[in-house]
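What the coordinates show
Single-letter residue listing:
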Amino acid sequence: MPERVVTVVPEDGLHARPASNFVEAASEYDIEIQVGHVDGDLVNAASMLAITGLGVTAGEDVRLVAEGQEAEAALDELERILSTPEGEG
Amino acid sequence: MLEDDIDRLFPRAHIALSDPPASKRAAIEFLLDLLAANDRVSDRGAAFDALCERENVAPTGVGMGIGIPHAKTAAVAEPSVAFARSRAGLDFDAVDDEPVRLLFLILVPEVGAEEHLHILSSLSRALMHEDVRETLFGADDAETVQNAVREAMD
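Position numbers for residues start from 1 in each chain and track the written sequence from start to end. All chains are assigned letters beginning with A, and all ligands numbers beginning with 1, in the order in which they are written. The predicted origin of the model limits local features to residues at a pLDDT of at least 70 and limits the giving and counting of side-chain atom pairs to 80 or more, whereas totals for whole chains, interfaces and linings rest on all residues. Water and hydrogen atoms were dropped before computing side-chain values, which therefore reflect all heavy atoms in the structure.

1. A look at the overall build of chain B
Cut-off, in case you're wondering: Every helix listed is a DSSP run of H or I at least four residues long, and every strand listed is a run of E at least two residues long, numbered separately from the N terminus. Based on C-alpha atoms, the radius of gyration is set beside the globule rule, defined as 2.2 Å times the residue count to the power 0.38. Per-residue accessibility, obtained with a 1.4 Å probe over protein chains only, is compared with the maximum for each type, and a residue is labelled buried under 20%, exposed over 50%, and partly exposed between these values. Residues count as neighbours in contact if any of their non-hydrogen atoms are within 4.5 Å of one another.
Regarding its fold elements, chain B presents six helices and five strands. Whereas a compact globule of 154 residues would reach a radius of gyration of roughly 15 Å, chain B reaches 14 Å, a difference of no more than 12%. Its C-alpha atoms give chain B principal-axis dimensions of about 35 × 35 × 25 Å. Residues counted as buried form 53% of the 154 residues belonging to chain B. Within chain B, residue pairs in contact and separated by at least 24 positions form 71% of the contacts whose partners lie at least 6 positions apart.

2. Quick notes on the packing of aromatic side chains
Residues and elements named next belong to chain B. Applied cut-off: Centres within 6.5 Å make a pair out of two Phe, Tyr or Trp rings, where for Trp the six-membered ring is used; the pair is then stacked when the planes are under 30 degrees apart, edge-to-face when over 60, and tilted otherwise. Whether a charge sits over a ring depends on NZ of Lys or CZ of Arg being within 6 Å of the ring centre and within 35 degrees of the ring normal.
Counted according to the given criterion, the structure contains two aromatic pairs over all chains. For the ring pair Phe10 and Phe104, a centre distance of 6.0 Å and an interplane angle of 50 degrees mean the geometry is tilted. Of the two residues, Phe10 sits in the loop between helix H1 (3-9) and helix H2 (24-37) while Phe104 sits in strand E5 (residues 100-108), which places them 94 residues apart along the sequence. Relative to Phe104, the ring of Phe83 has its centre 5.0 Å away and its plane inclined at 55 degrees; by these criteria the two rings are tilted. Residue Phe83 is found in strand E4 (residues 80-90), and its partner Phe104 is found in strand E5; the two are separated by 21 residues along the sequence. On the basis of relative accessible area, Phe104 is assigned to the buried category, the value being 0%. Feature note: the residues Phe10, Phe83 and Phe104 constitute an aromatic cluster, connected by ring pairs. The lysine or arginine in question, Lys24, covers the ring of Phe92, its NZ or CZ lying 4.9 Å from the ring centre.

3. A closer look at helix H1 (residues 16-28) of chain A
To keep it simple, the criterion reads: Here the expected length of a helix is defined as 1.5 Å per residue gap, with one fewer gap than residues.
The first and last C-alpha atoms of H1(A) sit 19 Å apart over 13 residues, in line with the 18 Å expected at 1.5 Å per residue. Every buried residue belonging to H1(A) is among A:Ala16, A:Pro18, A:Ala19, A:Ser20, A:Phe22, A:Val23, A:Ala25 and A:Ala26, and all of these are buried. Considering only its buried residues, H1(A) is in contact with strand E2 (32-37), helix H2 (48-54), strand E4 (61-67) and helix H3 (71-83) of chain A together with helix H3 (44-57) of chain B.

In C-alpha cells, the structure reads:
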C-alpha cells in the first residue's frame, strides 16, 4: 500500500487552515486515505474531527497511507499541503 | 484527565443545557457569556474578536455535528472550556455541511500554545466516540456532561 512519511511545515501544524486544506484535498479522492503519527494509530484523513484529534504540531513527522487508484497522486497532493509554509498554500 | 484539572477547566457553571441562539455568531457569544459569567474573561470584546478571527481562518465545524470554536487570547488568565448543545442544529460552516449540535468553546491564555492544542486534540478524540456524543446530547444535567468529558478526555 503506498505510504510515505512527511514533515509538517506550516507554523500552525495540522490545524486551522492547513488542516482544512488537507481534509478538503483528502475528501476529493474517492479512496481511503489515512494519516497518523509515525508510531501511532492511523485515522481517516478526510475527517476534520479525527485530524484535530491527532494534535500534530509544526516540525512533526506524519505517516500518510493511501489505497486504490490515484493513491500516489493523492499522497503527492497531501504531501504538497503539509510541505507548504503558511501563506503560500 | 485529572479530576482537579477538569473541575478548573470545565466547571458546571460553563455548561448550558438550554439551546443557544440559532446563528453561529450569537451561539459563540452565548458560550462566551458562560465563561464571562464565571469571571474567566477580562475583556469580552477581545475574546470574541479572537474567536471570530479564528473562524475566519478556517471554520471550527469539524464534522459529525460538532463545533469547537477556540482561540488564544490575553483576555483569559487560565484555560477555560464551555459547552452548549443545539437540538435544532446550527449552521456552523461545518466541513461536512451538517448542522452542528454539540458545541465546545475553548479559550486559553496567549502563553498556553501547547496546552491549547492538547485540550483541543484531547477533546476531539473524546468526541469521536459515538457513545460520548450521545451522552452529551441526551444529558439531563450539567454533572452528566462534566463527567462524560472527564471520563473521555485523556
